[in-house]
Amino acid sequence: MELHDFIVVGSGCTGAMAAQTLVESGARVLMLDGGKRGGVYQSITPSKNFPAIRREEQDQHRYLLGDKFESIPAGKVSTGEQLTPARRFMIEAADHFLRHRSDTFFPMESLGYGGLGAGWGLGCCVFSENELKKAGLPVAEMQSAYQLVSDRIGISGSSDDAQAFTFAHLEGIQPAPRLHPTAEKIYSRYAAKKTALKKNGFHLGRPALALLTQEKDHRKPLDYRDMEFYDDKGLSAWRAWITVDELQKKNNFMYRGSTLVTAFHEENGSVRVESLNLDTQEKETFHCRKLVLSPGVLSTARIVLRSMDENNHRLPLLCNPYNYTPCLVLSETGKSLPDALTGMAQLSLFHDADGTQTDVAMASLYNYRSLLMFRLLKEVPLGFRDARMLMNYLLPGIVIMGIHHPESAGGEKFLHLEADSSSPTGDLLRTVYKLNETESAKITAREKLYAKAMRKLGAWALKRVSPGHGSSIHYAGTLPFDDNGKPFSIHPSGRLNGTENVFIADGSGFRFLPAKGLTLSLMANAHLVAEKLLKK
Amino acid sequence: MSSSPFEKEAAVFGRYLLRDEPNAQSVQLYVSAMQIRPVNCTMRDEKIIRFALQNSGCLAMIDGALAFSKRPSALREKMLVMTAILETQPAYANLFLPQQRAAGYRILMGFRLCGAAFRLLAGKMLLVFI
């Protein structure tokens, strides 16, 4: 029986950060991971920019739509629908092995190499002091952890009105990427109207992104090919697998894919980790001194509930409510677009009603081109031919505003395990998620304020689209931080209460979920958990 | 001459969307798409699709009416597949990539929208009889 020092479960953003901290200290680490890989589509995608591909490449349908046309949506709007063929490996086999049922909640989960971080929108926000306190995270330690993670991954941003909400006091930030012409228009209009907007709690600026605009180590600066949704050429966008690839070059790190961790048991000062081989579906066992769980909040919940043999126990759940609204800047319609663009978020519009950075909503503004027009056409209440002519004219002026709302515990939001003999793990996760009336009313009122603010910026909200609960892909709060040792909670050190050697490095402990992109905070927390673990 | 029902569908949808014959690759891709990911049809859907294929001049009206009603429709789902395929053909790239338009183009768009509204109303009436 081989006894590993540390086993880290999951190769996503949190697993990668926790593992890096452990490995850099000299500890021996085994990473267990689903490990599904893409690769086929990325390898056939040319190095040209998006318009050149569209005009010249005969086989573009392969990487834009997929060999099985998997990128063409069927039926209602659903979570994951927007994934391009090159990113769909992230959710491959998740339906089968990570069985989930709900009438109201449709999450995205991953067994992919690099986890959901393989398709992450790259937004990097530092939580404010108030947000950290509400979430149960240590303020001073998180500030230094943010800087460490920022130095590791590389962040670009701008010193403007959004800075307090994005990278705040972080140092070493690279310049923000060039703006799309329509975003430029909104940005300059904000400069003229910002006094009134700020009075109403709105702050607009460039987002902080894990996207390089200058060279860093072996990674290249953004090339403005507008192909970020299709490939990772040049590695300008940080993806968790980049870090895991680097760790695999070290002697004290071992990676094992095709492994789904199902449960753990503590015995004689060590941890027995049970898993399922995704290829053979055979059970496998590993042993370690310390176990670090970071497979994502829903998977962590499954593992903990099975291990505690408490399938029916209800765990709370937090998930940022999310809706998006296409907006139109009329003055920009009927124009051609420059070939060199980026499809990542152009601007962030924060709403901080009371000015205390406690209850902040965040809208990300995207231009729309590289995700192809047909996805928009099906939402237009006109026949396809008329819609195509109309959208061809309007597209340069279209801005998609995705609004994330903060989420506190409350309403009817919980999950538990149920037996399911047809599932490879013998169970499924059932989620009930309902916002109460107060929460729904607050979201509606806030989105009306957003529409009004956008009007002031010259952009008209066209239609509110609700992709359903779970579509924000921000999940947290299932095992809330608690320093009194309550069952099904996490000690502030990251240790799962009721265990000696099991640590949780994902967002399961967050007691509050700010609307700001949470990935940077997840990674900072994962680093802290690993660091505290080393001190033990 | 079309040799399979899917080829006929591709030809009709392509002509409607492009106002021109679709190229051979688009037709072939549509046939593959329908074989790989068939669209489920109710009896009502089948009736509408049959009518639309036999009376392709009415396709714009039926499409407009179905789009406005927002109800799930197999005909629209099939046309979405054809639209996606056409969009990824270099030959039709300029129909989908934004172009610089003269200021007067807005007036043309206005006329087109009026036409679309007319087609929508006509389509609604047509659907009652199908």
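Everything discussed here concerns the structure shown above.
Attention in this report is confined to the structure presented alongside it. Not measured: the values here are computed from a predicted model.

Before going further, it helps to examine the overall build of chain A. Within chain A one finds 14 helices and 23 strands. In terms of C-alpha radius of gyration, chain A reaches 22 Å, essentially the compact-globule figure of 24 Å for 536 residues. Overall size of chain A, expressed as C-alpha extent along the three principal axes, is 70 × 55 × 45 Å. Within chain A, contacts between residues separated by at least 24 positions form 72% of all contacts whose residues are at least 6 apart in sequence.

The next point concerns the side chain of A:Glu447. All names here are of chain A. By secondary structure assignment, the location of Glu447 is in helix H13 (residues 437-456). We classify Glu447 as buried; its relative accessible area is 9%. The contacts of Glu447, once residues within four sequence positions are left out, are Asn323, Ile403, His405 and Arg464.

The biggest cluster of nonpolar side chains holds 104 residues, and the ones touching the most others in it are A:Ile153 and A:Leu291. For this core, the element with the most residues is helix H14 (residues 519-535) of chain A, which contributes nine residues. Listed in part, the 73 residues of the second largest apolar core include A:Phe50, B:Tyr30, B:Met34 and B:Tyr105.

Let's shift gears to the interface of chain A and chain B. It is common to report an interface's size as the accessible area lost on association of the parts. Taken together, the contacts link 45 residues of chain A with 43 residues of chain B. One can count two salt bridges joining chain A with chain B. Where chain A touches chain B, the interface holds 20 residue pairs in polar contact (both at pLDDT 80 or more). Listing elements by their share of the side of chain A that touches chain B, those giving two or more residues are helix H3 (50-56), helix H4 (60-65), helix H11 (374-377) and helix H12 (384-394) of chain A. Top contributing element to the side of chain A that touches chain B by residue count: H12(A), with eight residues.

Right, let's talk about the pattern of salt bridges for a bit. Close approach of charged atoms lets side chains of opposite charge pair. Residues and elements named next belong to chain A. All told, the structure shown has 38 salt bridges over all chains when counted by the stated rule. Here Glu109 makes a salt bridge to Arg302, at a shortest N to O gap of 2.7 Å. Here Glu109, found in the loop between strand E3 (100-101) and helix H6 (129-135), pairs with Arg302, found in helix H10 (residues 297-307); they are 193 residues apart in sequence, far enough to count as distant. Accessibility classification places Glu109 together with Arg302 in one group, the buried group. Among the salt bridges present, the one from Glu284 reaches Arg256, with a minimum N-O distance of 2.7 Å. With Glu284 in strand E10 (residues 283-293) and Arg256 in strand E7 (residues 253-256), this pair connects stretches of sequence that are 28 residues apart.

Moving on: the state of the cysteines. The full count for this structure, using the stated rule, is zero disulfides over all chains. Cysteine B:Cys58 remains unbridged, with the sulfur of B:Cys41 as its closest cysteine sulfur at 19 Å.

Residue and element names in this part refer to chain B. Put simply, helix H1 (residues 5-18) and helix H2 (residues 24-36) touch, their axes get as near as 9 Å, and they point 125 degrees apart. Classified by the angle between their axes, H1 and H2 sit oblique to one another. Both H1 and H2 take part in a crossing whose hand is right-handed. Every residue of H2 that contacts H1 at Phe6, Glu7, Glu9, Ala10 and Phe13 is listed here: Val27, Tyr30, Val31, Met34 and Gln35. Across the contact of H1 with H2, the residue classes break down as seven nonpolar, one polar and two charged.

Right, let's talk about the packing of aromatic side chains for a bit. The description of an aromatic ring pair uses the distance of the two centres, along with the angle that the planes make with each other. Residue and element names in this part refer to chain A. The full count for this structure, using the stated rule, is eleven aromatic pairs over all chains. For the pair Phe481 and Phe510, a centre-to-centre distance of 6.4 Å together with 35 degrees between the ring planes defines the contact as tilted. Of this pair, Phe481 sits in the loop between strand E21 (475-476) and strand E22 (502-504) while Phe510 sits in the loop between E22 and strand E23 (512-513), and the two are 29 residues apart along the sequence. The class of Phe481 is buried, set by a relative accessible area of 7%.

A water-sized probe, rolled over the atoms, reveals where empty space remains. Counting across every chain of the model gives five cavities of 30 Å³ or more. Estimates place the volume of the largest cavity at around 110 Å³. What lines the largest cavity is A:Leu211, A:Leu222, A:Asp223, A:Arg225, A:Met227, A:Glu228, A:Asp231, A:Asp232, A:Lys233, A:Leu235, A:Ser236 and A:Ala237. Broken down by class, the residue content of the lining of the largest cavity amounts to five nonpolar, one polar and six charged. Lining the second largest cavity are A:Leu377, A:Phe384, A:Arg385, A:Arg388, B:Leu17, B:Leu18, B:Thr83, B:Leu86 and B:Phe96. Considering only residue class, the lining of the second largest cavity consists of six nonpolar, one polar and two charged.

Criteria and thresholds
Residues numbered from 1 in each chain as written. Chains lettered and ligands numbered in written order. Predicted model: local features only at pLDDT ≥ 70, side-chain atom pairs only at ≥ 80, totals over all residues. Heavy atoms only, no water. Helix = DSSP H or I, 4+ residues; strand = E, 2+ residues; numbered from the N terminus. Rg over C-alpha atoms; globule rule 2.2 N^0.38 Å. Contact = heavy atoms within 4.5 Å. Buried < 20%, exposed > 50% of the residue type's maximum accessible area, 1.4 Å probe, protein only. Core = buried A, V, L, I, M, F, W, Y, C linked by side-chain atoms within 4.5 Å. Salt bridge = Lys/Arg side-chain N within 4 Å of Asp/Glu carboxyl O. Polar contact = N/O pair within 3.5 Å; in protein donor to acceptor, adjacent residues only side chain to side chain. Disulfide = S-S within 2.5 Å. Axes fitted to C-alpha atoms, helices over the stretch in contact; angles between N-to-C directions. Parallel < 35°, antiparallel > 145°, perpendicular 65-115°, else oblique. Left-handed = near helix turned anticlockwise from the far one by under 90°. Nonpolar A, V, L, I, M, F, W, Y, C, P; charged D, E, K, R; others polar. Phe/Tyr/Trp six-rings, centres within 6.5 Å; stacked < 30°, edge-to-face > 60°. 1 Å grid on protein atoms, 1.4 Å probe; cavity = no way out; pocket = protein on both sides within 12 Å on 5 of 7 lines; lining within 4 Å. Points joined across faces, edges and corners; volume = space filled by probe spheres on them.

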